[in-house]
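# Structural features, examined
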Amino acid sequence: MDNHQHHESFVKKYIFSQDHKIIGIQYGITSLLFLLFGFYLVTVMRWQLAYPMEAFPLERFVYPLLGIGVILLFIRGLKIGIHSVVGVSLILLAGVSWYVATRDENMPNRIMLPEFYNQLGAMHGTIMVFLGVVPLAVGAFGNYIVPLQIGAPDMAFPKLNMSSYWCFFVGGVTMLVSFFVPGGAANSGWTSYPPLSDIATTGQTLWLLGMVFLITSSLLGSVNFIITIVQLRAKGLSFMRLPFFVWTQFVTSFLLLLAFPPLEAAGILQLMDRVAGTSFFLPSGLVVSGDPLPANIGGGTPLLWQHLFWFLAHPEVYVLILPALGIVAEVIANNTRKPLWGYKSLVYATIFLGFMSFIVWAHHMFMTGMGSTINAFFQITTMIISIPSIVILSAMFLSLYGGSIRINTPMLFALAFLPMFGIGGLTGLPLGLSTSDIHLHDTYYVIGHFHYVVAPGTIFALFAGIYYWYPKLTKRKMNEALGKIHFWGSFVAMNVIFFPMLIQGLAGVSRRLYDGGQTYAHAQSVLYLNEVMSIGAWSLAFFQMFFIVNLFLSIKKGKEVDDNPWEATTLDWAATTSPPLAHGNFAQVPEVYRGPYEYSVPGSDKDFIPQHQQ
């Protein structure tokens, strides 16, 4: 087959690439850098929460970034590579941090102002979700792995794929630029609720522009994934022979395609409110700082934004979770050496989960006074959507039964995902009931619940995927000792951070308080937990150093392996692109003869039979 191995310039091959593998790596590097930046913001916030109104020790946060960046930049004599890109990014992050934190409007005398704390909170949530986890889970893993697992030479529309990445990149940069404009970055939360967001500083306008680019990126990518999976599957690869990871990306693409347009429309409408004098979300009679808005402004409703936002944002939770479940399924099946338990039930549950995610959004809005009838409807649908989640989680646990389990770094992260996601799901049930939500709404309980789903949940699954598919990119394995230190340190630190949030939330401590609840009489008994959680956050940052070192050290020093080091059965391990140097994936067009997880088949002379072998 034609591998398109004609000469390409550096810019065309690595910058404006149309090869799904290079684009997947671009998404991966960019989203990991955004994740690092988003996490960095929260380490700064945790200082303010632990030691409110104390001078911020800027050097402690900036110098380590600067040092690591310089080491990465010079580690191979300034040669261009991933290490130098990350090194320059860390140096820029250190410089930006110093500039932003020394502006008097943010930290006069290094004392954090509430307005700056709000900026950090809004941008942390936005960056982690829209610039970090989703692009890593879908853009990086989806782009790199899905065409390989279905036996395709590339994505269906390579130029569309390239455009998707650059829309994502431009959107992310637009949001980061907002830190430099007068008034600073967006400060209305990651939800951008009006009317506050309609009258906020200039950074909110850049936030909205960035969101338009990010949503456009997701729409282009989702169309590409759907058509690629439907049209470019290898001969013999029926839908019920697809790896579960492909199924999760397939359903995720439909969620992105159907849920993002309402938010893009809402973002444009809010942008018009801010720059064109409209009032889609501004109510009449609004008084700002003692002055009423002009008579020609008004007639809109902030609740319209909430409906449009949460119609996207609840499916967005499953955009985060479904690819993570797909990664965990691949790792568990491979390391238990047995088929996934109930493969068809997993597929049907995933499809049903995707469908139900569109009719539960208003359980985020019980406090808006929708009425008991509508409340009852969304309570019921919320309880129903927990059923497919339980089916999937139960099938994962049952897959472990009777398996010859190999304990390695990807398996540790995959195993830890299961109880952490379980805790996240269970703690969400009280929030889906309007009565208990009255007490818990907008408290730290909500923060703890969501972070259990996304941090030790989704992000652990993404780490599992990085360790698992790393040999596919480099033909080397990551160091197991460093990987296990990274895992155990992260596992303990994340629980130290997020479990106390549940306790504070049950005590009634509200979220988004820049002093951590210090002025609340009823919060005094749980205030000590702020320092505990902050120490946990800084410890988590420390243990990520082992991952960063491992990631770059293993490129040259990792143990060399063959094309299928895990003895896996899916088509991605049959591809000849290890590492991905050429455009094209297979020496000859593969044909599929069996299901995706033929492990420990009775009568076979080995414990795995790849899909493409007769």
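Residues numbered from 1 in each chain as written. Predicted model: local features only at pLDDT ≥ 70, side-chain atom pairs only at ≥ 80, totals over all residues. Heavy atoms only, no water.

## Points about the overall build of the chain
Formally: Helix and strand definitions here come from DSSP, where helices need a minimum of 4 consecutive H or I residues and strands a minimum of 2 consecutive E residues; each element is numbered from the N-terminal end. Within these notes, the globule rule equals 2.2 Å times the number of residues to the 0.38 power, and the radius of gyration is based on C-alpha atoms. Remark: exposure states derive from per-residue accessible area (1.4 Å probe, protein chains only) relative to the maximum for the residue type, with buried under 20%, exposed over 50%, and partly exposed in between. Contacts are assigned to residue pairs with any non-hydrogen atoms lying within 4.5 Å of each other. Computed with a 1.4 Å probe, the accessible areas rest on the Shrake-Rupley method; for each residue, only the protein chains presented here act as cover.
Counting its regular elements, the chain contains 16 helices and 4 strands. Against the globule reference of 25 Å for 614 residues, the chain gives a C-alpha radius of gyration of 24 Å, in line with a compact fold. Its C-alpha atoms give the chain principal-axis dimensions of roughly 80 × 60 × 50 Å. Put simply, the chain has 614 residues, and 58% of those count as buried. The long-range fraction of contacts in the chain, counting pairs at least 24 apart against all pairs at least 6 apart in sequence, stands at 79%. When the accessible surface of the chain is totalled, it reaches about 23,600 Å², and 68% of it is carbon and sulfur.

## Examining the nonpolar core
This is how it is decided: The criterion is simple. A nonpolar core is a set of buried Ala, Val, Leu, Ile, Met, Phe, Trp, Tyr and Cys residues joined through side-chain atoms within 4.5 Å.
M123, F244, L263, L325 and M396 are the most contacted members of the largest nonpolar core, which totals 186 residues. Looking at this core, the element that brings in the most residues is helix α5 (residues 114-149), giving 20 residues. Leaving out residues up to four positions away in the same chain, L263 has contacts with M211, I215, W305, L308, F309 and L312.

## Quick notes on a nonpolar patch on the surface
Note the cut-off: Patch construction takes residues with relative accessible area above 30% that form no salt bridge. Like charges are linked within 9 Å, and nonpolar side chains (Val, Leu, Ile, Met, Phe, Trp, Tyr) are linked within 5 Å. Salt bridge, as applied in this entry: a Lys or Arg side-chain nitrogen positioned within 4 Å of an Asp or Glu carboxyl oxygen.
Among the surface-exposed residues, F352, F355, I380, I384, I387 and V391 lie close enough to one another that they form a single nonpolar patch of about 530 Å² accessible area. Counting residues per element, the ones that place at least two in the nonpolar patch are α10 (343-356) and α11 (372-400). Counting residues per element, the nonpolar patch draws most heavily on α11, at 4 residues. Tracing the sequence through the fold places I384 in helix α11.

## What about the packing of helix α9 (residues 302-336) against α11?
Spelled out, the test is: Between the N-to-C directions of two axes lies an angle of 0 to 180 degrees, each axis being a line fitted to C-alpha atoms and, for a helix, fitted only over the stretch in contact. Note on terminology: angles under 35 degrees are roughly parallel, angles over 145 are roughly antiparallel, angles of 65 to 115 are roughly perpendicular, and the others are oblique. Each crossing gets its hand from how the near helix is turned against the far one by less than a right angle, where anticlockwise is left-handed and clockwise is right-handed. Think of it as three bins: nonpolar holds Ala, Val, Leu, Ile, Met, Phe, Trp, Tyr, Cys and Pro, charged holds Asp, Glu, Lys and Arg, and polar takes everything else, Gly as well.
The contact between α9 and α11 brings their axes to 9 Å, and the two run at 20°. As summarised for this structure, α9 and α11 are arranged roughly parallel, according to the angle between their axes. Between α9 and α11 the crossing geometry is left-handed. Of the residues in α11, those touching α9 at Y318, L325, V328, A329, I332 and T336 are I385, S389, I392, M396, S399 and L400. Partitioning the contact of α9 with α11 into residue classes produces 9 nonpolar, 3 polar and no charged.

## Comments concerning the side chain of H449
With respect to the helices and strands, the residue H449 is situated in helix α14 (residues 444-474). The class of H449 is buried, set by a relative accessible area of 17%.

## Describing the confidence of the model for the chain
Note the threshold: Every residue carries a pLDDT, the predictor's confidence in it, which falls somewhere between 0 and 100.
For the chain, mean pLDDT is 92; residues scoring 70 or higher make up 97% of the total. Below a pLDDT of 50 lies the segment residues 1-5, which in the model reaches 10 contacts outside its immediate sequence neighbourhood of four places, other chains included.

## Some thoughts on the environment of Y467
By secondary structure assignment, the location of Y467 is in helix α14. On the basis of relative accessibility, which here comes to 4%, the residue Y467 falls in the buried class. Put simply, Y467 and K477 are 10 residues apart on the chain and 7.7 Å apart in space, counted from C-alpha to C-alpha. If we ignore the near neighbours within four places in the chain, the residues touching Y467 are T409, P410, F413, M478, G483, H486, F547, N550 and W566.

## Observations regarding the packing of aromatic side chains
Threshold: Two aromatic rings, drawn from Phe, Tyr or Trp (for Trp, its six-membered ring), form a pair once their centres lie within 6.5 Å of each other, and the interplanar angle then sorts them: stacked below 30 degrees, edge-to-face above 60, tilted otherwise. For a lysine, the NZ atom is tested; for an arginine, the CZ atom; a charge sits over a ring if that atom is within 6 Å of the ring centre and within 35 degrees of the ring normal.
One pass over the structure, following the stated rule, counts 53 aromatic pairs. Within the aromatic cluster, the residues linked to one another by ring pairs are F130, W190, F260, F281, W305, F309, W310 and F450. Directly above the aromatic system of W566 lies the positively charged group of K477, at a separation of 4.1 Å from the ring centroid. The ring of F608 has K606 lying over it, and the distance from NZ or CZ to the ring centre is 5.0 Å.

## What to know about α9
What counts, and what does not: Given a helix with a known number of residues, its expected span is that number minus one, times 1.5 Å. What we call the bend at a residue is the angle made by axes fitted to the seven residues finishing there and the seven residues starting there.
Under the 1.5 Å per step criterion, the end-to-end length of α9 is 50 Å for 35 residues, consistent within 8% with the ideal 51 Å. Helix geometry: α9 is bent most strongly at W310, by close to 30°. Along α9, 29 of the 35 residues are buried, which leaves the element largely enclosed by surrounding structure.

## Some details on the pattern of salt bridges
Enumeration according to the criterion identifies 9 salt bridges in this entry. When the shortest N-O distance is used, the salt bridge between R103 and E105 registers 2.4 Å. The class for R103 is buried, based on a relative accessible area of 12%. Among the salt bridges present, the one from D563 reaches K475, with a minimum N-O distance of 3.4 Å. With D563 in the segment after β4 (559-560) and K475 in the loop between α14 and β3 (476-477), the pair connects residues that are 88 residues apart, well separated along the chain. For D563, a relative accessible area of 28% corresponds to the partly exposed category. A cluster of three or more residues bridged by salt bridges with shared partners is formed by R337, E567 and D607.

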